[in-house]
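This is what each chain is made of:
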Amino acid sequence: MPMVGEQKIRAGIVGLATYVPERVLTNSDLQKMVDTSDEWIVARTGIRERRVAAPEEATSDLAYQASVKALDDAGVKPDEIDLIITATNTPDMIFPATACLLQDRLGAKNAGAFDLLAGCTGFIYAVSVASQFIEAGNASTVLVVGSEVLTKIMNWQDRNTCVLFGDGAGAVVIRRVPGDRGILSSALGADGSGAYHLYMPGGGSRHPISAEVIEQGLQFTRMNGREVFKFAVRAMEEGSAKVLQRAGLSVSDIDFLIPHQANIRIIEHAAKKMNLPMDRVAVNVDRYGNTSTASIPLALEESLNSGKIKDGDIVIMVGFGAGLTWAGMLMKWYDYRR
Amino acid sequence: MSAVFNRVKEIIVEQLGVEPEEVKLEASFVDDLGADSLDIVELIMALEEEFDLQIPDEDAEKIRKVGEVIKYIEERK
Ligand SMILES: CC(C)(COP(=O)(O)OP(=O)(O)OC[C@H]1O[C@@H](n2cnc3c(N)ncnc32)[C@H](O)[C@@H]1OP(=O)(O)O)[C@@H](O)C(=O)NCCC(=O)NCCS
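Asks: How should I be thinking about the packing of helix α1 (residues 3-16) of chain B against helix α2 (residues 37-51) of chain B in this particular structure?
Replies: Think of two packed helices as two axes; the pair is described by the angle between the axes and how far apart they sit. Residue and element names in this part refer to chain B. Where α1 meets α2, the axes come as close as 10 Å, and the angle between the chain directions of the two elements is 140°. The orientation of α1 with respect to α2, classified from their angle, is oblique. Seen from above, α1 lies across α2 with right-handed handedness. Along the contact surface, α1 presents Val-4, Arg-7, Val-8, Ile-11, Ile-12, Gln-15 and Leu-16, while α2 presents Asp-39, Glu-42, Leu-43, Ala-46, Leu-47, Glu-50 and Phe-51. Its residues placed into classes, the contact of α1 with α2 shows 9 nonpolar, 1 polar and 4 charged.

Okay, here's the thing in structure tokens:
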């Protein structure tokens, strides 16, 4: 790893912003669409409402809104970006990469651009990839965006899935940060034997779009909630334990937890295992539902803006998702806004 | 009371946030101890870990009362 003097190069977040579509869909709105109830959704998931993109809004549109604000937050101009990574499960098209559409709109003419697919874990995966580029000296400024329009891949007649997800985007700018701040460790994991616990079968090379595929509803998300739940609670524990171990820290060192926002029950389980009171755990699943790759930046931004995360705090981001995948990341927070 | 009962009781108290006195053999997880389906999933996972067991979903679905869990674990130890 390249060193400057004695100092190891560390990557960290130096800009952050989010965007959510205007339209709010509440649990009582859902009650009119499928056989469900506000009580059931709140008790099992903690979700009260979610955002829904407009018909003409696609993932790159949300990503663009978040990115412009994140670049402004970082004080970075588009032509300074070396690399754009978009983490998404709902790209504008199968190809080209949504990151390329974003690159063009931003005018980031010096940037490489690609999409990264790792389910809801994609954001942590992408920040981890970005930090490797910075630490290796192959990029100085990376834009990472988690953006989703999940409401367009839901079956609005399937109460098992449609109540859970929402749309949104979050963008971060990654650069080298000074001193002992920045990303201290990350860990990525996968268990492909669980691929069919959460997936969208249609539209790829296995089941290309056809009238028959549409008739069978293969263009919609399918999920075995029970299996994903079990994987998720284990993944939260394992992801956090691994990044702590890699950073040479222990559970008592954690100041703040940013868990993937899929279900309050999974978040509470993780907090309990880590002995963290809920005021040191980011929660916004009540207002956005599961926004997949946007969930962690959305939660991080709220925690920052409300002053819950301070310079030097040990912050863990941890998540899980389709793949199945999981990941953790541990940062010593660098207060770039100071 | 058996050693298994005491360990199971401790886990139920921890997972469901109930009082130890409420954890009786004839107590139903849902009706008496206020568990919902996700509480039961978490409980089964905690028991699997504590007793180093695999409890398949088909079996888990049949378990309704505290006594049934104890019996299930004792039979497999
Ligand atoms: C989805 C989840 C909340 C379901 O909870 P669960 O306890 O496993 O629920 P089940 O599927 O067993 O359903 C329990 C009952 O509620 C019903 N139900 C399911 N969805 C419902 C809804 N939206 N409204 C009302 N009732 C519903 C079921 O039909 C079932 O009824 P039954 O007992 O009469 O058969 C839970 O499994 C979960 O959160 N899993 C993780 C999902 C996730 O995070 N995915 C994204 C990962 S990135």
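Asks: What am I meant to see in the site of the ligand here?
Replies: In the region of the ligand, 24 residues are neighbours, and Thr36(A), Arg159(A), Arg226(A), Asn263(A) and Ser37(B) sit closest. Residues lining the ligand come from chains A and B. Interatomic distance of 2.9 Å between a backbone N/O atom of Gly225(A) and a nitrogen atom of the ligand. Take Ser37(B): an N or O atom from its side chain is 2.4 Å from an oxygen atom of the ligand. Contact with the protein chains removes 76% of the 970 Å² of surface that the ligand exposes when unbound. Broken down by secondary-structure element, the contributors of at least two residues to the shell around the ligand are α2 (38-45), α6 (159-162), α8 (225-247) and β14 (314-321) of chain A together with α2 of chain B. Here the shell around the ligand gets 4 residues from one element, more than from any other, and that element is α8(A). Here the residues of the shell around the ligand are counted per class, giving 11 nonpolar, 9 polar and 4 charged.

Rules and cut-offs
Residues numbered from 1 in each chain as written. Chains lettered and ligands numbered in written order. Predicted model: local features only at pLDDT ≥ 70, side-chain atom pairs only at ≥ 80, totals over all residues. Heavy atoms only, no water. Axes fitted to C-alpha atoms, helices over the stretch in contact; angles between N-to-C directions. Helix = DSSP H or I, 4+ residues; strand = E, 2+ residues; numbered from the N terminus. Parallel < 35°, antiparallel > 145°, perpendicular 65-115°, else oblique. Left-handed = near helix turned anticlockwise from the far one by under 90°. Contact = heavy atoms within 4.5 Å. Nonpolar A, V, L, I, M, F, W, Y, C, P; charged D, E, K, R; others polar. Near = heavy atom within 4 Å. Polar contact = N/O pair within 3.5 Å; in protein donor to acceptor, adjacent residues only side chain to side chain. Areas by Shrake-Rupley, 256 points an atom, 1.4 Å probe, with all protein chains shown as cover.

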